[in-house]
Amino acid sequence: MPEIRNFTLNFGPAHPAAHGVLRLVLEMDGEVIQRADPHVGLLHRGTEKLAESKPYNQSIGYMDRLDYVSMMCNEHGYVLALEKMLGIEAPIRAQYIRTMFDEITRILNHLLWIGAHALDVGAMTMFLYAFREREDLMDVYEAVSGARLHATYYRPGGVYRDIPDVMPLHEKSKWYNDADITRLNDNRGGSVLDFIEDFTNRFPKCVDEYETLLTDNRIWKQRLVDIGIVSPERALQLGLTGAMLRGSGIEWDLRKKQPYAMYEAMDFDIPVGTNGDSYDRYLVRMEEFRQSNKIVKQCVDWLRKNPGPVMHDDHKITPPKREAMKGDMEALIHHFKLATEGYCLPEGEAYQAIEHPKGEFGCYIVSDGANKPYRLKVRAPGFAHMSAMDELTRGHMLADVVTVIGTMDIVFGEVDR
Amino acid sequence: MSDLLQSLSAHITGALTSKIKKTDVALHELTIEVAPQDLIEVAIFLRDDEQCAFEQLIDVCGVDYLSYGDSEWDVGGSGFTRGVKREFSFDDSELDADKPEFEGKRFCSVTHLLSIKNNLRIRIKVYCDDNEFPLVDSLVDVWSSANWFEREAFDLFGIMFNGHPDLRRILTDYGFSGHPFRKDFPLIGQVEMRYDEEQERVVYEPVSIESRTLVPRIIREDGRFTRNKNINDANVNANTNEVGK
């Protein structure tokens, strides 16, 4: 009688389906997983430690690099925590801009998620479709902040600048001929808001396209239905948040329950699942596409009608206008002090959470009254999701691990910090 | 919101009396302080009590209070000093010899809870008694999500969690030594690595760079950054209640 025993399989750290650098040590009985031990931390950069050595504003850029597919949402969590401790509030126009960009970011994040998730499970087309729309939103990022990915656009007290009146146009190059340029610039004739509105008008049809590819697709359903089931009780115990929690049927969304920015004024719904499997979470996120699109539309309407300041006018905390600095001594001193020393937060501590595309993203700041955080702790949703990996994959086949990684929407920038 | 937190705070102290060392409502957040030996009992109460119902553990993190309130630039006196003089040595004990011994409790484990049923949050702070061997009871049996958060606090701060099923390092490299988020761990690290051609392997050596201060750490107490005073100041004395000792 041959001896039968489990064997250990090493998955990653550079596996294409691991969404980054994840090393999974899997204990297998044949093709069935007995135990999964994720080794994370291969992308640990010590963001929180670095933040302790820098004035508050210099760490905003680090927030972009946490979850590098939903940049502005990370900034929002950090900036809100700072504003809470400083006791200031951004002007209402800045709040609308933040709400709009949070939702644009949510669409960006979910586009990457659906592209990568479908690619892992075997549907190549989805990835190409998703990146087509992502490109437009990346251009919006670039138009307002100058950067396609790491925007550093939100600042304590508002946003870096108002939305520009002109949407940048494509230029002729050796890759694009005249016909290409006319086609590419077709909807870029107006302002950035015009371009965003045009996007919101065509995006629901794009989501329909994604759904025709996947929702009733036999292979997609075979790979997702009943994979990685989480009961509502276990979802709470495991610290799951965001779509992972809503997929299990718990109606919980910080945008509704603990509103921040302008979410209270927005009309949108929270989709919830019933079975708590990967397919339900897929459906939840697909509906979030449509709801986010609806919010963006409402923000565009408001922003068109209501001009106003986008930055707090307290120059002890926010930099003065560039023109003012040329002629006004006080403005120059304010700028100098902000650039060389920054501002101090009052002694105390605060935790501020936002509804990040992946779940609850929170910043816990301890301040001893200095111009740098004494301790900054970033609560990343993906970290808690990753820790549920063992429970979600146990008893499934090896191929289902890939589905579970996809459904958790893991990005290692935030898990490893 | 603050009234709600005040009544919740009164409810918790009423039920657990001397087990709650301190409660504080600031910035619309409720903080309670608990002794390490009482943590599990308080946690189970907070989870199971109807008025609390904190079903979800959102976060556990460590804080090292070693250099709390230290500034690198004295702004209190008259005149100015320029730049920061920083002594540097690969052997920390050389520098620490003339430093006064740290008094008080150095390590703190901070837990954030969320109640979905009641839409409430709470923060539990537990100060570890022993600075050399900080020890707290593990919350894994109360909330499963504590598992990785406690591993992280152990890895980065060296806080030990009693009863944790699998207290391994999580974020740092295999074979890493030290706890990098402690305040006496230098930002530049202690070792660097390179490939040695003669030995034909990767070697670790003490770091060859010097740590620098780009922007000095400054504490300004003249209140120039204080805004919107009504959030805190009016109620600050009324809200901080020392219970017991």
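Residues numbered from 1 in each chain as written. Chains lettered and ligands numbered in written order. Predicted model: local features only at pLDDT ≥ 70, side-chain atom pairs only at ≥ 80, totals over all residues. Heavy atoms only, no water.

Here's the deal with the sheet that holds strand S7 (residues 359-367) of chain A
Residues and elements named next belong to chain A.
- Strand order in the open sheet made by the three strands is S6-S7-S8, with antiparallel pairing throughout. Each edge of the open sheet is held by one strand with a lone partner, namely strand S6 (348-356) and strand S8 (375-379). Going from strand to strand, the sheet's axes swing by 10° on average, the running direction of each strand aside.
- Across nine bridges, the pairing between S6 and S7 is antiparallel. Paired with Glu355 across the bridge in S7 is Glu360.
- Where helix H3 (residues 71-86) meets the sheet, its contacts fall on S6, S7 and S8, and the angle it forms with S6 comes to roughly 150°. (Pairing = 2+ DSSP bridges. Helix = DSSP H or I, 4+ residues; strand = E, 2+ residues; numbered from the N terminus. Axes fitted to C-alpha atoms, helices over the stretch in contact; angles between N-to-C directions. Contact = heavy atoms within 4.5 Å.)

Comments concerning the packing of helix H1 (residues 2-16) of chain B against helix H2 (residues 39-48) of chain B
Residues and elements named next belong to chain B.
- Taken N-terminus to C-terminus, the directions of H1 and H2 make an angle of 130°; their axes are 12 Å apart at the nearest point. Relative to H2, the element H1 is oriented oblique. Judged by the twist between their axes, the crossing of H1 over H2 is right-handed. The residues of H2 that touch H1, namely those facing His11, Ile12, Ala15 and Leu16, are Val42, Phe45 and Leu46.
- In terms of residue class, the contact of H1 with H2 is built from six nonpolar, one polar and no charged. (Parallel < 35°, antiparallel > 145°, perpendicular 65-115°, else oblique. Left-handed = near helix turned anticlockwise from the far one by under 90°. Nonpolar A, V, L, I, M, F, W, Y, C, P; charged D, E, K, R; others polar.)

Examining the packing of H3 of chain A against helix H4 (residues 92-121) of chain A
- Axis separation between H3 of chain A and H4 of chain A bottoms out at 8 Å; the angle between their running directions is 145°. Here Met71, Met72, Cys73, His76, Val79, Leu80 and Glu83 of chain A of H3 of chain A come into contact with H4 of chain A, specifically with Arg98, Phe101, Asp102 and Thr105 of chain A.

What to know about the interface of chain B and chain A
- At the interface, 61 residues of chain B touch 69 residues of chain A.
- Taken together, both faces of the contact between chain B and chain A bury some 5500 Å²; the carbon and sulfur share is 54%.
- At the boundary of chain B with chain A, the tally comes to 11 salt bridges.
- Between Glu341 of chain A and Arg220 of chain B there is a salt bridge, and its shortest N-O distance comes to 2.6 Å.
- In this structure, the connection of chain B to chain A is made through 38 residue pairs in polar contact (both at pLDDT 80 or more).
- Those elements giving two or more residues to the side of chain B that touches chain A turn out to be strand S2 (29-34), strand S3 (56-64), strand S4 (107-115), strand S5 (120-127) and helix H4 (146-157) of chain B.
- For the side of chain B that touches chain A, the leading source of residues is S3 of chain B, giving nine residues.
- A class-by-class count of the residues in the side of chain B that touches chain A yields 32 nonpolar, 11 polar and 18 charged. (Buried area = accessible area lost by both parts, 1.4 Å probe. Salt bridge = Lys/Arg side-chain N within 4 Å of Asp/Glu carboxyl O. Polar contact = N/O pair within 3.5 Å; in protein donor to acceptor, adjacent residues only side chain to side chain.)

Let's talk about the pattern of salt bridges
- Enumeration according to the criterion identifies 53 salt bridges over all chains in this entry.
- In this structure, Asp136 of chain A engages Arg188 of chain A in a salt bridge whose closest nitrogen and oxygen atoms are separated by 3.7 Å. With a gap of 52 residues between them, Asp136 of chain A in helix H5 (residues 124-145) and Arg188 of chain A in the loop between helix H6 (178-184) and helix H7 (192-214) connect regions that are remote in the sequence.
- The exposure class of Arg188 of chain A is buried, given its relative accessible area of 6%.
- For Glu349 of chain A, the salt bridge identified is with Lys125 of chain B, shortest N-O distance 3.0 Å. Of this pair, Glu349 of chain A sits in strand S6 while Lys125 of chain B is found in strand S5, placing the two residues in two different chains. Judged on exposure class, the residue Glu349 of chain A and its partner Lys125 of chain B are both buried.
- One salt-bridge network, held together by shared partners, links Glu103, Arg106, Arg246, Asp253, Arg255, Glu288 and Glu355 of chain A. (Buried < 20%, exposed > 50% of the residue type's maximum accessible area, 1.4 Å probe, protein only.)

Some points on the side chain of Thr47 of chain A
- Structurally, the position occupied by Thr47 of chain A is in helix H1 (residues 47-51).
- Apart from residues lying up to four places away in sequence, Thr47 of chain A is in contact with Tyr62, Met63, Leu66 and Arg417 of chain A.

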